[in-house]
Protein chains: 2
Amino acid sequence: MDVLSFRTPGLGDQTYLLTHDGRGVLVDPQRDIGRFLDAAAERDVELRFVLETHLHNDYVSGAEQAALRTGAELVLPAAAAPAYRHTPAFHLEDIDGGDGLTLRPVHTPGHTPEHTSYLVLIDGEPVALFSGGSLLVASAGRPDLLGIERARSLARLQHRSLHRLAALPPGIALYPTHGEGSFCTATGAGRLTSTIATELTVNPLLAIDDAEKFADTLLAAPMPIPAFYRYMGPANTLGVPAMPPTRVPDIDEPAGHVVDLRPRHVQAQGMLPGSYGIELDDDFGSWTGWLLPHDQPITLVAEPGQDVTEAVTQLAQIGIDTVQGVVRDLGQAATQTYRLANLDAFVELLGAGLQLLDVRMPSEWEQTRLEGAIERFLPDLFTQGIPAELDPERPVLVACASGRRAAIAATYLAREGYRPIALTGAGVPDVANALDKLN
Amino acid sequence: MDVLSFRTPGLGDQTYLLTHDGRGVLVDPQRDIGRFLDAAAERDVELRFVLETHLHNDYVSGAEQAALRTGAELVLPAAAAPAYRHTPAFHLEDIDGGDGLTLRPVHTPGHTPEHTSYLVLIDGEPVALFSGGSLLVASAGRPDLLGIERARSLARLQHRSLHRLAALPPGIALYPTHGEGSFCTATGAGRLTSTIATELTVNPLLAIDDAEKFADTLLAAPMPIPAFYRYMGPANTLGVPAMPPTRVPDIDEPAGHVVDLRPRHVQAQGMLPGSYGIELDDDFGSWTGWLLPHDQPITLVAEPGQDVTEAVTQLAQIGIDTVQGVVRDLGQAATQTYRLANLDAFVELLGAGLQLLDVRMPSEWEQTRLEGAIERFLPDLFTQGIPAELDPERPVLVACASGRRAAIAATYLAREGYRPIALTGAGVPDVANALDKLN
């Protein structure tokens, strides 16, 4: 038996391909299934099963399409009841894969009500556990994605599920779907895979015996929920169409929302008026899906020759199939500008009394605050608008933790007529340290 | 072991109280839990468990309140994940009730994804099955309440669930929650309880081996879905407050929607202008919940001395807690009138060329149609309004199957200024027969 991992870094998720004697089991595939099917083909592996641990809330699934494309059997939790054809996995009712391969569904509600983990047995020996969004590396799937009302109940269920899984033989390898960087993960984790034995030692949540204390811990400091999440569950319940083409045409006239994915130092020199700047990176899709209205036409702005496949793929992974094309020649139209500042320059400008906008999230504010900073989490900037305290007539310093969010916020301010200066390559904690040294 | 049945005729549902050695198990209790708790007390039975087979879509549940009131353990399907404290029932994981009483949850998705039946074993011997909305008497729970998109998938799951239950020992007594008269029941049934053996013989759905044919049959002629159903699932997921008081004050000035529950021959002589007439009967709550906007203030109109407890209870059973009071003295204000006609008079008026409105549902139209009839199903009359073809200047004959819906429709027409004449004590098929005899 071999298990291949496929990371989708922008979503913090892992897809797995288990292979055994030429048969494959694909677990929680992202929508861009080509990479999984190619890997199977390269290894001469025939896909026997496609498994979904739950109806995902953070991406649109490629599971149904992978099954349709390969003839593999699509397995979902018996309580998922999606609108498409599948084999329901009932709690502890083994599914025989032939040649000694057995799948044992374990109903592990908590992250979602129907959530089911899959224990893989080879010749009757349990060897691997695909734990989806239940037991994660040093963490657990968050229980509050279906609404705060059900969060405590789901946390109690998660407690029970984690302890059920922790009671499995310790040598079993653990392959969770959600990991570091996923907003489905309750707290940070480091490694991507683990074993039951390791988690028993290092997972702080497994050390909590009391269900209420467990729920308190899990719900103590909930991460924000990206705005596009709300569309993922329904999409995965109703069925997701095949990946759209990732090659999009070059166009001259932008249509819909314009997203500039060029490097921020290029954006800063001149963007199309009204455009948003979201530099292409692993989390390009997540930020675009979080900040822009879902499923409306999008035009990308890219550098001449820049490959936009990755950008289109990331958007498709969260169900945004509305990229109209790419504008590459901005000509004289690139009149929307902003400034970037490194740490030294930023601290100097701050010392000169410029106004400051901190676009990190509330839990980060609680860690470090700068005196006089006006705080608005980046997504709230897009939904609530620019804080009234900011004077459009004066330059606005914008900071986050790294420059990523500050640069995006700067483009939002620029399109609204402000004169932003984004801190890049550093963040608020660095500014705080620098100020400390000055004083 | 003994099983008491409590029928809620207007909803077509049954609640059960299983008693064994002084211990009680309450299954799918309606919201008015007094009658169940009284029955338990009368028999000196201590409630040990309150079971929910699923998150109901046709009424608000009394399960949580029954458990809170008695200290019984509240058990729900593990994939229900309601917002309140409960014990999750996992597929085939026995729950020990002590003294030889065992509950075996059987995950039976189909009516809903989380739906779980409960097999009761006494001293290890399976004796009774509480099948909720899965295997019903000569029928099955309908799979289309969660939307037409998922209906076929849920029908396939229901097929599997029915066959799973049918494979249980034939002597087991069957206690379904949904029965005749419930809009959760796919097709009509007659008796209220049964056995596995009987169903194997008489249930036409169990005779269908092929899942697709089963789904075709189940989905062939879907019954309409009462408008209030959409509020029941969320209410049962979030938690239902205790029953409101069933005694409501006499008031002089009506507030909100006015519902006249007096006998139709009394209504016809004079109602408050703008009021709706829904004569008190088993289905008073269902029709009120279907026809009026949910959860807005309601004033009842009753006869002097008429007990309105039943009306308030029926409304509370579907989560309508907004009865403001009862008006009993209409005085000179009762100016809204309509006419009632028996079969002979109705046929004569029809022969005289009066316009005719048929307010039965589409499946009934397909059975019998009257020439020239304008057809609009009663609930559609309330949402779509009165058909434009009807001339308000001329009397309108209104018919259904019995007079029940025709009388309600007549009050709707009357409040809009029409001059309706409702066929009472007979229906469209009777009119058709009478016309046949005349010709």
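Residues numbered from 1 in each chain as written. Chains lettered and ligands numbered in written order. Predicted model: local features only at pLDDT ≥ 70, side-chain atom pairs only at ≥ 80, totals over all residues. Heavy atoms only, no water.

Per an unreviewed UniProt entry, chain A goes by the name MBL fold metallo-hydrolase and belongs to Nonomuraea zeae.

Draft legend 1. Region of the structure containing the interface of chain A and chain B. Between chain A and chain B, the residue contacts involve 29 residues of the former and 29 residues of the latter. Of the roughly 2400 Å² buried at the junction of chain A and chain B (both faces included), carbon and sulfur atoms supply 58%. Scanning the region where chain A abuts chain B turns up four salt bridges. Counting every contact that joins chain A to chain B gives 14 residue pairs in polar contact (both at pLDDT 80 or more). At the level of elements, helix 3 (148-166) and helix 6 (229-238) of chain A are the ones that each hand at least two residues to the side of chain A that touches chain B. Per-element tally for the side of chain A that touches chain B: the top contributor is helix 3 of chain A, with eight residues. Counted by class, the side of chain A that touches chain B contains 15 nonpolar, five polar and nine charged residues. (Contact = heavy atoms within 4.5 Å. Buried area = accessible area lost by both parts, 1.4 Å probe. Salt bridge = Lys/Arg side-chain N within 4 Å of Asp/Glu carboxyl O. Polar contact = N/O pair within 3.5 Å; in protein donor to acceptor, adjacent residues only side chain to side chain. Helix = DSSP H or I, 4+ residues; strand = E, 2+ residues; numbered from the N terminus. Nonpolar A, V, L, I, M, F, W, Y, C, P; charged D, E, K, R; others polar.)

Draft legend 2. Quick look at the UniProt feature "domain: Rhodanese" (unreviewed entry) in chain A. The positions that UniProt labels "domain: Rhodanese" (unreviewed entry) are, in the present scheme, residues 350-432 of chain A. End-to-end, the C-alpha atoms of residues 350-432 of chain A are 11 Å apart, and along that stretch the chain is 39% helix and 17% strand. (UniProt positions renumbered as here; feature names shortened; annotations may be inferred.)

Draft legend 3. Just the relation of the copies chain A and chain B, in detail. Each copy superposes on the other: chain A lies on chain B with an RMSD of 0.1 Å after a rotation of 180 degrees and an axial shift of 0.1 Å. Accordingly, the operation relating the two chain copies is best matched by a two-fold axis. A high fraction, 100%, of the interface residues of chain A reappear at the interface in chain B, so the copies pair face to face through one surface. (Least-squares fit on C-alpha atoms with pLDDT ≥ 70 in both.)

Draft legend 4. Representation of the side chain of Q336 of chain B within the structure. Residues and elements named next belong to chain B. Take Q336: it is sitting in the loop between strand 18 (323-327) and strand 19 (339-341). Within polar-contact distance, the side chain of Q336 engages the backbone oxygen of S275 at 3.0 Å. Apart from the residues within four sequence positions on either side, Q336 is in contact with Q267, G270, M271, L272, P273, G274, S275, T411, A414 and R415.

Draft legend 5. Representation of the nonpolar core within the structure. L300, L357, L378 and F382 of chain B are the most contacted members of the largest nonpolar core, which totals 58 residues. Discounting chain neighbours no more than four positions away, the residues touching F382 of chain B are Y276, L291, L292, I408 and Y412 of chain B. One finds M232, L261, V398 and A409 of chain A within the second-largest nonpolar core, a separate group that totals 56 residues. (Core = buried A, V, L, I, M, F, W, Y, C linked by side-chain atoms within 4.5 Å. Buried < 20%, exposed > 50% of the residue type's maximum accessible area, 1.4 Å probe, protein only.)

Draft legend 6. Local environment of a negative patch on the surface. All names here are of chain A. The grouping of D281, D282, D307 and E310 at the surface amounts to a negative patch. With respect to the helices and strands, D282 occurs in the loop between strand 16 (276-277) and helix 8 (284-291). The exposure class of D282 is partly exposed, given its relative accessible area of 40%. (Patch = residues over 30% accessible without salt bridge, like charges linked within 9 Å, V, L, I, M, F, W, Y side chains within 5 Å. Areas by Shrake-Rupley, 256 points an atom, 1.4 Å probe, with all protein chains shown as cover. Lys, Arg positive; Asp, Glu negative; His and termini not counted. Charge placed at Lys NZ, Arg CZ, Asp CG, Glu CD.)

Draft legend 7. Fine view of the packing of helix 3 of chain A against helix 5 (residues 211-219) of chain A. Residues and elements named next belong to chain A. Look at helix 3 against helix 5: their axes get within 9 Å of each other, and the N-to-C directions meet at 115 degrees. Note on packing geometry: the crossing formed by helix 3 with helix 5 is right-handed. The segment helix 3 lies against helix 5, with A151, R152, A155, R156, Q158, H159 and L162 engaging A211, E212, F214, A215, D216, L218 and L219. (Axes fitted to C-alpha atoms, helices over the stretch in contact; angles between N-to-C directions. Left-handed = near helix turned anticlockwise from the far one by under 90°.)

Draft legend 8. Region of interest: the sheet that holds strand 2 (residues 13-20) of chain B. Residues and elements named next belong to chain B. Taking strand neighbours across the sheet as the criterion, the six strands line up as 1-2-3-4-5-6 in an open arrangement whose pairing is mixed. For this open sheet the edge positions go to strand 1 (2-8) and strand 6 (87-89), each flanked by a neighbour on one side alone. Pairwise comparison of adjacent strand axes, ignoring direction, gives a mean angle of 25 degrees for this sheet. When strand 1 meets strand 2, the two strands line up antiparallel, connected through seven bridges. Across the sheet, R7 pairs through a bridge with Q14, a residue of strand 2. Here helix 1 (residues 34-42) sits on the sheet in contact with strand 1, strand 2, strand 3 (23-27) and strand 4 (46-51), set at roughly 155 degrees to strand 1. (Pairing = 2+ DSSP bridges.)

Draft legend 9. Up close: the layout of surface pockets. In this structure, the largest pocket encloses a volume near 1200 Å³. In terms of lining residues, the largest pocket is bounded by 39 residues, among which L146, R150 and T237 of chain A together with L146 and R150 of chain B are the most central. Contributions of two or more residues to the lining of the largest pocket are made by helix 3 and helix 6 of chain A together with helix 3 (148-166) and helix 6 (229-238) of chain B. A per-class count over the lining of the largest pocket returns 22 nonpolar, nine polar and eight charged. (1 Å grid on protein atoms, 1.4 Å probe; cavity = no way out; pocket = protein on both sides within 12 Å on 5 of 7 lines; lining within 4 Å. Points joined across faces, edges and corners; volume = space filled by probe spheres on them.)

Draft legend 10. Main features of the pattern of salt bridges. All names here are of chain A. In this structure the tally under the stated criterion is 40 salt bridges over all chains. Salt-bridge contacts for E42 lead to R43; the nearest nitrogen and oxygen are separated by 3.6 Å. On the basis of relative accessible area, E42 is assigned to the exposed category, the value being 64%. Notably, a salt bridge pairs D144 with R142, separated by 2.7 Å at the nearest N-O pair.

Draft legend 11. Structural context of helix 6 of chain B. The set of residues buried in helix 6 of chain B consists of Y229, M232, G233, N236 and T237 of chain B. The buried residues of helix 6 of chain B occupy one face: seen down the axis, they fall within an arc of 125 degrees. In this structure, the buried residues of helix 6 of chain B make contact with helix 3 of chain A. Backbone geometry just after helix 6 of chain B places G239 of chain B at a positive phi near 115 degrees. (Arc of directions from axis to C-beta.)

Draft legend 12. Quick peek at the environment of T195 of chain A. All names here are of chain A. You can see T195 is positioned in strand 14 (residues 194-195). In sequence terms T195 and A302 are 107 residues apart; their C-alpha atoms lie 43 Å from each other. Aside from chain neighbours lying at most four places away, what touches T195 is P170, I172, A173 and L174. A polar contact of 2.8 Å, which involves the side chain of T195, links it to the side chain of T198.

Draft legend 13. Structural detail: the domain arrangement of chain A. All names here are of chain A. Taken domain by domain, chain A comprises domain 1 (2-237), domain 2 (246-333) and domain 3 (339-438). Distance between the C-alpha centres of domain 2 and domain 3: 24 Å. Viewed at the interface, domain 3 and domain 2 are joined by one salt bridge. The partner of D283 in a salt bridge is R404, with the nearest N and O atoms 2.7 Å apart. Linking domain 2 to domain 3 there are seven residue pairs in polar contact (both at pLDDT 80 or more). Going through the elements one at a time, helix 7 (264-269), strand 16 and helix 8 are the ones with two or more residues in the side of domain 2 that touches domain 3. Across the side of domain 2 that touches domain 3, the residue classes tally to nine nonpolar, five polar and four charged. (Domains from an automatic or database assignment.)

Draft legend 14. Seen up close, the packing of aromatic side chains. In total, this model carries 20 aromatic pairs over all chains according to the counting rule given. Arranged with centres 5.6 Å apart and planes meeting at 80 degrees, the rings of W290 of chain B and F377 of chain B form a pair that is edge-to-face. Of the two residues, W290 of chain B sits in helix 8 (residues 284-291) while F377 of chain B sits in the loop between strand 21 (374-375) and helix 12 (378-384), which places them 87 residues apart along the sequence. By relative accessible area, F377 of chain B is classed as buried at 5%. Linked through ring pairs, Y16, F130 and Y175 of chain A together constitute an aromatic cluster. Sitting over the ring of F90 of chain B, R164 of chain A keeps its end group 4.5 Å from the ring centre. (Phe/Tyr/Trp six-rings, centres within 6.5 Å; stacked < 30°, edge-to-face > 60°. Lys NZ or Arg CZ within 6 Å of the ring centre and 35° of its normal.)

Draft legend 15. Up close: empty space enclosed by the protein. This model, assessed by the stated rule, comprises three cavities of 30 Å³ or more. Taken as a whole, the largest cavity spans an internal volume of roughly 100 Å³. Around the largest cavity, the lining comprises 18 residues; the ones closest to its centre are A79 and H107 of chain A together with A79, H91 and H107 of chain B. Of the residues contributing to the lining of the largest cavity, the split by class is 10 nonpolar, six polar and two charged.

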